[in-house]
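Next come the chains, spelled out residue by residue.
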Amino acid sequence: MGSVIAVCISNRKGVRKNAVPQITVKREHGIVGDAHAGNWHRQISLLADESIETMRALGLTLTPGAFAENIVTGGVELKSLPVGTRLRVGEALLEVTQIGKECHNDCAIKKTTGKCVMPTEGIFAAVVEEGVIRPGDRIAVEEGT
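So, a few notes on the structure that sits alongside this text. What you see is a predicted model; the values in this text were computed from it and never measured.

Cut-offs applied
- Residues numbered from 1 in each chain as written.
- Predicted model: local features only at pLDDT ≥ 70, side-chain atom pairs only at ≥ 80, totals over all residues.
- Heavy atoms only, no water.
- Pairing = 2+ DSSP bridges.
- Helix = DSSP H or I, 4+ residues; strand = E, 2+ residues; numbered from the N terminus.
- Buried < 20%, exposed > 50% of the residue type's maximum accessible area, 1.4 Å probe, protein only.
- Arc of directions from axis to C-beta.
- Salt bridge = Lys/Arg side-chain N within 4 Å of Asp/Glu carboxyl O.

With respect to the pairing of strand β11 (residues 138-142)
Pairing of strand β1 (residues 2-9) with β11 involves two bridges; the strand directions are antiparallel. Paired with G2 across the strands is I139, a residue of β11. Pairing analysis gives four bridges linking strand β7 (residues 86-89) to β11, with the strands arranged antiparallel. Bridge pairing links R88 to A140 in β11.

Following this line, the structure appears as structure tokens:
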């Protein structure tokens, strides 16, 4: 079982996200107040702190939201989860809809280091059950549909 390390939002697309004390997730919407919210398959982005740590090892100082991720996780190997996997995250239930995504015009991190973990290790999810998610909440992997 894993846990939520941080939750992050931004009010516009194409920028890093900022850590907040909690997020509220809604069906057919995503995160209330986040620029990427909408009725589509990439409502929420998740990235494992273990993946971020591989980039820190290259000498980067990275804080939550640096990859424009909404939820930073610990103790769950996100990149190995297949599409359709359901994750109980705090009060909410999320369903994995996509693995990875290309960076926009090579993000600042890729320009600095020559690589970025989001395209291969970040995942995206849609909200199945609404709720509040906070740092410290547990994450449980449930069976896919």
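Things to note about the pairing of strand β8 (residues 92-99)
Of all eight residues making up β8, six are buried, and the element is well covered by its neighbours. Two strands pair when backbone bridges link them, and β7 and β8 are joined in this way by four bridges, in the antiparallel orientation. Of the residues in β8, the one forming a bridge with L87 is L94. Connecting the antiparallel pair β7 and β8 is a turn made up of two residues, with G90 showing a positive phi of about 60°.

Some points on helix α1 (residues 49-56)
Along an α-helix, a turn takes 3.6 residues, which lines up residues three or four apart on a common side. Those residues of α1 that sit buried are S51, I52 and M55. For α1, the buried positions fall inside an angular range of 100° around the axis, keeping them on one side.

Regarding the sheet that holds strand β4 (residues 30-31)
Strands sit in the order β4-β3-β10 across an open sheet of three strands; the sheet is antiparallel. Among the strands making up the open sheet, the edge pair consists of β4 and β10 (131-133). Of the strand pairs in this sheet, strand β3 (residues 23-26) and β10 are connected by three bridges, and their pairing is antiparallel. Bridge pairing links I23 to I133 in β10.

Focus on the pattern of salt bridges
According to the stated counting rule, one finds five salt bridges in the structure shown. In this structure, E129 and R88 form a salt bridge, with 2.9 Å as the shortest nitrogen-oxygen distance. Taken together, the residues E129 in strand β9 (residues 123-129) and R88 in strand β7 connect sequence positions 41 residues apart. For E129, a relative accessible area of 35% puts it in the partly exposed group. For R88, a relative accessible area of 25% corresponds to the partly exposed category. Each member of the salt-bridge network shares a partner with another, and the members are R88, E129 and E142.

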